[in-house]
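Residue-level structure breakdown
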Amino acid sequence: MVTFVVIPNQYSNTLSLYKNLFKQTLIYGLATVFPRIITFVLNPVYVMYLPDKSKMGEVSIIFSYLVFFNVVLSYGMETAFFRFYNSEDNKKKVISTSTVSLFWSSIGFLCIALLFRNTLAGWIGVRVEYITYTIWILTLDALTIIPFSKLRAEKKPMKYAVIKMSNACISLLMTVFFLAILPKLVELNPEGFFSTIYFENFQIGYIFISLLMASLTTFLVLIPNYTKISWTFDKVLWKKMMTYGLPILFAGIAFAINEHFDKILLDWMHVPLADIGAYSACYKIGMFMVLFRTAYTLGIEPFFFSHAANENAQQTYATITKYFVIFGSFICLFVIVFIDLLKQPLVPRKEYWDAIKVVPLIVLANFFLGIYTNLSVWYKLIDKTKVGAYISLVGAAITLLLNWLLIPTLSYYGSAIATLAAYGSMMVISYKMGQKHYPIPYDFNKIFSYLGLTILFSAVSFYIPVLRENYLVKFGLLALFLYFIYYSEKETLLRIIKRKSK
């Protein structure tokens with residue numbers, strides 16, 4: 001009788017645990033994906049209201065520096081915080097030490113950067129005001145790293161998500177107000193209040209003021225975290241956290257190079273700002289695959305770890321990867337096939353469309369990165385996460401080398417090729433190493449079939465001029481691809497249908 005009573009309780013507790021895990025994953029996933037969607041939405045706003053492509057080029061270059069210095073200013077402390085918060089008995093000491101560390105490093109950066117802002121503006125070739133706003137944004141974002149991490153550690157996903165999503169909404173609303181609404185208000189009433197905050201040809205400044213307002217609001221909401229800690233600093237703990245966090249810093253820098261450094265390199269190699277602007281605007285169409293990859297990764301990683309001890313874990317991972325490739329292939333093909341329709345709302349000015357040729361490469365590159373994320377499960381499960389940093393560094397080296405070789409002759413198209421090559425190489429390296437250390441029986445016949453057919457149909461629909469304008473053929477290619485999936489996966493699909501009908 002005792003056993004009969006305990007089992008349901010254990011089952012109930014386990015079920016409750018999985019429900020909480022799913023709920024938290026869903027909320028954190030939304031908080032991560034939502035800002036990316038807002039970035040996606042802002043792209044056509046920038047294209048519409050910035051005066052020309054060169055201004056878009058300036059914005060994209062400054063954004064690239066933002067991403068790069070965000071990584072540097074966090075120096076792996078966020079991940080180190082989670083590691084030691086869960087392993088140390090004195091959690092308050094972990095919170096205090098990491099907070100003090102990031103506070104003083106951020107203040108130090110603020111003072112030094114403001115002191116040399118004129119020099120920095122001269123190096124980058126932008127107005128000093130833009131550099132000043134960027135410095136403050138970077139500082140405020142760095143100061144919120146531990147408060148956000150603390151919310152996650154204390155299992156407060158709703159508060160975390162609300163603040164993150166509010167930040168994105170503020171930046172969107174303020175950008176739309178400054179770029180689209182403010183000029184019309186001033187035009188209707190030139191002597192009114194709004195004329196006092198309106199400056200002509202200051203669109204880039206307004207973009208960064210909007211981001212600064214969002215960052216400042218977020219910091220003010222989280223500032224109680226600074227008043228409630230003891231401000232003690234444990235040097236021994238800090239050294240351990242830095243030792244743990246520095247490899248993560250290098251991995252983060254490698255990721256930033258792969259993802260964003262191409263715009264900086266294009267500028268360094270004297271590609272016209274107008275071309276960089278067109279490239280950056282069209283690059284954003286590849287965000288469809290990024291959104292799919294991000295949402296998938298956030299949902300699937302907890303599953304990978306929870307099933308690691310199962311007897312058939314490797315087979316499960318192989319099946320999941322195959323279906324990721326199926327869905328990813330369809331998204332990839334759909335975006336490329338209908339790219340000439342998608343570009344109209346997403347990049348709504350024709351003068352930008354000369355860079356649309358990079359989109360198939362960028363979409364495919366992000367697809368390869370998604371496959372790499374699946375393949376990378378092996379080093380996470382056997383606690384060799386440094387391997388991920390090494391693979392990312394190899395990708396960064398390929399990115400830098402190919403950009404240096406290709407930009408002089410191919411301009412931004414060379415950057416797109418470099419991105420594809422970097423992520424493709426990371427995917428292959430992870431697979432080869434994974435099969436040695438943690439063999440997974442991937443169904444590569446089907447995976448290569450789906451991937452190969454996607455590349456073939458994408459190339460046919462995009463690069464053959466006659467077919468590119470023929471939507472009957474494009475729908476036919478998409479339908480043929482779907483039929484091929486159905487034919488290949490028919491047995492599995494029929495089993496699912498029969499199971500549901502019972």
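Every value quoted in this text rests on a predicted model; they were computed, and no experiment measured them. (Residues numbered from 1 in each chain as written. Predicted model: local features only at pLDDT ≥ 70, side-chain atom pairs only at ≥ 80, totals over all residues. Heavy atoms only, no water.)

Broken down by element type, the chain carries 23 helices and zero strands. A compact globule built from 502 residues would reach a C-alpha radius of gyration of about 23 Å, and the chain, at 25 Å, matches this within 12%. If you line up the chain on its principal axes, its C-alpha atoms span 80 × 70 × 45 Å. Relative to its 502 residues, the chain shows a buried fraction of 50%. In the chain, the share of contacts with a sequence separation of at least 24, taken over all contacts with a separation of at least 6, comes to 82%. Split by element, the accessible area of the chain, about 24,800 Å² in all, is 68% carbon and sulfur. Here the chain holds 44 positive side-chain charges and 26 negative ones, and the gap between their average locations is 10 Å. (Helix = DSSP H or I, 4+ residues; strand = E, 2+ residues; numbered from the N terminus. Rg over C-alpha atoms; globule rule 2.2 N^0.38 Å. Buried < 20%, exposed > 50% of the residue type's maximum accessible area, 1.4 Å probe, protein only. Contact = heavy atoms within 4.5 Å. Areas by Shrake-Rupley, 256 points an atom, 1.4 Å probe, with all protein chains shown as cover. Lys, Arg positive; Asp, Glu negative; His and termini not counted. Charge placed at Lys NZ, Arg CZ, Asp CG, Glu CD.)

It is worth spelling out a nonpolar patch on the surface at this point. Residues Leu246, Phe250, Tyr390 and Leu393 make up a contiguous nonpolar surface patch of roughly 400 Å² in combined accessible area. Mapped onto the fold, Phe250 is located in helix 11 (residues 235-268). (Patch = residues over 30% accessible without salt bridge, like charges linked within 9 Å, V, L, I, M, F, W, Y side chains within 5 Å. Salt bridge = Lys/Arg side-chain N within 4 Å of Asp/Glu carboxyl O.)

Inspection of the secondary structure assignment puts Leu369 in helix 16 (residues 359-375). Overall, the relative accessible area of 7% leaves Leu369 in the buried class. For the pair Leu369 and Ala422, spaced 53 residues apart in sequence, the C-alpha separation works out to 9.1 Å. Beyond its immediate sequence surroundings of up to four residues, Leu369 is in contact with Glu259, Arg293, Tyr423 and Met426.

Attention now goes to the side chain of Thr294. Relative to the helices and strands, Thr294 resides in helix 13 (residues 287-306). Under the relative-accessibility criterion, Thr294 is labelled buried at 10%. Among residues more than four places away in sequence, those in contact with Thr294 are Thr32, Val33 and Arg36.

Each full turn of the α-helix corresponds to 3.6 residues, which orients residues three or four apart in the same direction. Of all the positions in helix 15 (residues 339-346), only Ile339, Asp340, Leu342, Lys343 and Leu346 are classed as buried. For helix 15, the arc enclosing every buried residue in end-on projection is 155°, short of the 170-degree limit, so these residues lie on one face. (Arc of directions from axis to C-beta.)

Tracing the backbone through its elements, the reader meets Ser329 in helix 14 (residues 313-337). When its relative accessible area of 0% is taken as the criterion, Ser329 is described as buried. Engagement of the side chain of Ser329 in a polar contact is seen with the backbone oxygen of Val325, the distance being 2.6 Å. (Polar contact = N/O pair within 3.5 Å; in protein donor to acceptor, adjacent residues only side chain to side chain.)

Our next topic: the packing of helix 16 against helix 20 (residues 444-463). Axis separation between helix 16 and helix 20 bottoms out at 11 Å; the angle between their running directions is 170°. Put simply, helix 16 runs roughly antiparallel to helix 20. Two packed elements cross with a definite hand, and for helix 16 against helix 20 that hand is right-handed. Packed against helix 16, whose contacting residues are Pro360, Leu361, Leu364, Phe367 and Phe368, the element helix 20 presents Leu451, Ile455, Phe462 and Tyr463 at the interface. (Axes fitted to C-alpha atoms, helices over the stretch in contact; angles between N-to-C directions. Parallel < 35°, antiparallel > 145°, perpendicular 65-115°, else oblique. Left-handed = near helix turned anticlockwise from the far one by under 90°.)

Even without being a glycine, Asn201 presents a positive backbone phi close to 55°. Mapped onto the elements of the fold, Asn201 is located in the loop between helix 8 (157-188) and helix 9 (203-222). Given the relative accessible area of 57%, Asn201 is considered exposed. Unlike most non-glycine residues, Ser411 shows phi in positive territory, near 55°. Examined against the element boundaries, Ser411 turns out to sit in the loop between helix 18 (386-410) and helix 19 (412-437). Taking relative accessible area as the criterion, Ser411 reaches 19% and is therefore assigned buried.

With 150 residues, the main nonpolar core has Phe208 and Phe367 as its most contacted residues. Residue contacts for Phe208: discarding those within four places in its chain leaves Val59, Ile62, Phe63, Leu66, Tyr133, Thr134 and Ile137. (Core = buried A, V, L, I, M, F, W, Y, C linked by side-chain atoms within 4.5 Å.)

It is worth spelling out the packing of aromatic side chains at this point. Across all of its chains, the model carries 40 aromatic pairs by this definition. Ring-pair connections join several aromatic residues into one group, and the members of that group are Tyr130, Phe177, Phe178, Phe193, Phe194, Phe199, Phe202 and Tyr206. Over the ring of Tyr85 we find Lys91, and its NZ or CZ is 5.0 Å from the ring centre. (Phe/Tyr/Trp six-rings, centres within 6.5 Å; stacked < 30°, edge-to-face > 60°. Lys NZ or Arg CZ within 6 Å of the ring centre and 35° of its normal.)

Given a rise of 1.5 Å per residue, 34 residues ought to cover 50 Å, yet the end C-alpha atoms of helix 11 are separated by just 40 Å, more than 12% below that figure. By the largest-angle criterion, His260 marks the main kink of helix 11, which is about 65°. A side-chain oxygen of the first residue of helix 11 lies 3.0 Å from the backbone nitrogen of Val236; this N-cap is Asp234. Two residues or fewer past helix 11, His270 is found with a positive phi of approximately 65°. (Expected span 1.5 Å × (residues − 1). Bend = angle between axes of the 7 residues up to and from the residue.)

Once that is clear, we can look at the pattern of salt bridges. What the rule picks out here adds up to 13 salt bridges. For Glu351, the salt bridge identified is with Arg349, shortest N-O distance 2.9 Å. In this structure Glu351 comes out as partly exposed when scored by relative accessible area, which is 37%. Connected through shared salt-bridge partners, Lys150, Glu154 and Lys156 make up one network.

Looking now at the confidence of the model for the chain. Predicted coordinates in areas of low pLDDT are best not read in detail. Across the chain, pLDDT averages 88, with 91% of residues at or above 70. Note on residues 1-8: pLDDT under 50 across the span, and zero contacts to partners over four residues away in sequence or across chains. (pLDDT = per-residue confidence, 0-100.)

Moving on: the state of the cysteines. With the rule as written, the count across this model stands at zero disulfides. Left without a disulfide partner, Cys332 is nearest to the cysteine sulfur of Cys282, which lies 16 Å away. (Disulfide = S-S within 2.5 Å.)

Remark: helix 11 packs on helix 19, axes separated minimally by 10 Å, with the N-to-C direction vectors making an angle of 155°. On the basis of the axis angle, helix 11 is roughly antiparallel to helix 19. As helix 11 packs across helix 19, the resulting crossing turns out to be right-handed. Within the contact between the two elements, helix 11 uses Asn258, Glu259, Asp262 and Leu266 and helix 19 uses Tyr412, Ser415, Thr419, Ala422, Tyr423 and Met426. When its residues are assigned to classes, the contact of helix 11 with helix 19 shows five nonpolar, three polar and two charged. (Nonpolar A, V, L, I, M, F, W, Y, C, P; charged D, E, K, R; others polar.)

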